[in-house]
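The primary structure of each chain is shown beneath.
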Amino acid sequence: MNTLLVIGFSFGYLALLFGVAYAAERRSAARRSLVSNPYVYALSMAVYCTAWTYYGSVGRAAHFGLEFIGIYLGPTLMAPAAWLVLRKIIRICRQQRLTSIADFISARYGKSAWLGR
């Protein structure tokens, strides 16, 4: 791979990132910010988590071999059961009129006001 090409793409990517940040700052100053947009937040979290997982997995695989498989095996096996657990949580929240995670945890342990803070 050509070294100059890699360096050029790297600087181009950095310029693009700084350009997006500059445009976001200008929109924020004009009170038309995209920061509070839920789609922008979800996309940024997806990019962050994907990059973190990818580079973290590569590092773990390099150091520990196949032990990194557990990072993916647990969530993959639990994904089908997530809907069953979530359905039960929703049913309990509707029956007891719970509106937050603190209420849910408090209700689980005897409606403790101290625990629900």
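You'll find the structure just up there.
These notes cover the structure that comes with them. Since this is a predicted model, take the numbers as computed values, not measurements.

1. Quick notes on the overall build of the protein
When its secondary structure is counted, the protein shows four helices and zero strands. Listing every helix and strand of the protein by position from the N terminus yields α-α-α-α. The C-alpha radius of gyration of the protein comes to 22 Å, more than 25% above the 13 Å expected for a compact globule of 117 residues. Referenced to the eigenvectors of the C-alpha coordinate spread, the extents of the protein come out at roughly 65 × 50 × 25 Å. Across the 117 residues of the protein, 5% fall into the buried class. Total accessible area on the protein stands at roughly 10600 Å², and carbon and sulfur atoms take up 69% of it.

2. Details of unusual backbone geometry
Only a minority of non-glycine residues have a phi that is not negative, and only a minority of peptide bonds are not trans. Positive phi values are uncommon outside glycine, yet Arg 97 reaches one of about 55°. Mapping Arg 97 onto the fold places it in the loop between helix H3 (69-96) and helix H4 (101-108). The exposed category is assigned to Arg 97, whose relative accessible area is 76%.

3. Quick word on a nonpolar patch on the surface
On the surface, Leu 4, Ile 7, Phe 11, Tyr 13, Leu 14, Leu 16, Leu 17, Phe 18 and Val 20 cluster together into a nonpolar patch covering about 990 Å² of accessible area. Checked against the element boundaries, Tyr 13 lands in helix H1 (residues 3-29).

4. Thoughts on H1
Here H1 spans 39 Å end to end across 27 residues, near enough to the 39 Å set by a 1.5 Å rise per residue. Where H1 begins, the side chain of Asn 2 points an oxygen toward the backbone nitrogen of Leu 4, at a separation of 3.2 Å. Directly beyond the C-terminal end of H1, a positive phi value near 65° is found at Arg 31.

5. As for helix H2 (residues 38-64)
Between the first and last C-alpha of H2 there are 37 Å, a value that for 27 residues agrees with the 39 Å anticipated at 1.5 Å per step. Where H2 terminates, the next one or two residues include Gly 65, which has phi positive at roughly 70°.

Calculation criteria
- Residues numbered from 1 in each chain as written.
- Predicted model: local features only at pLDDT ≥ 70, side-chain atom pairs only at ≥ 80, totals over all residues.
- Heavy atoms only, no water.
- Helix = DSSP H or I, 4+ residues; strand = E, 2+ residues; numbered from the N terminus.
- Rg over C-alpha atoms; globule rule 2.2 N^0.38 Å.
- Buried < 20%, exposed > 50% of the residue type's maximum accessible area, 1.4 Å probe, protein only.
- Areas by Shrake-Rupley, 256 points an atom, 1.4 Å probe, with all protein chains shown as cover.
- Patch = residues over 30% accessible without salt bridge, like charges linked within 9 Å, V, L, I, M, F, W, Y side chains within 5 Å.
- Salt bridge = Lys/Arg side-chain N within 4 Å of Asp/Glu carboxyl O.
- Expected span 1.5 Å × (residues − 1).
- Polar contact = N/O pair within 3.5 Å; in protein donor to acceptor, adjacent residues only side chain to side chain.

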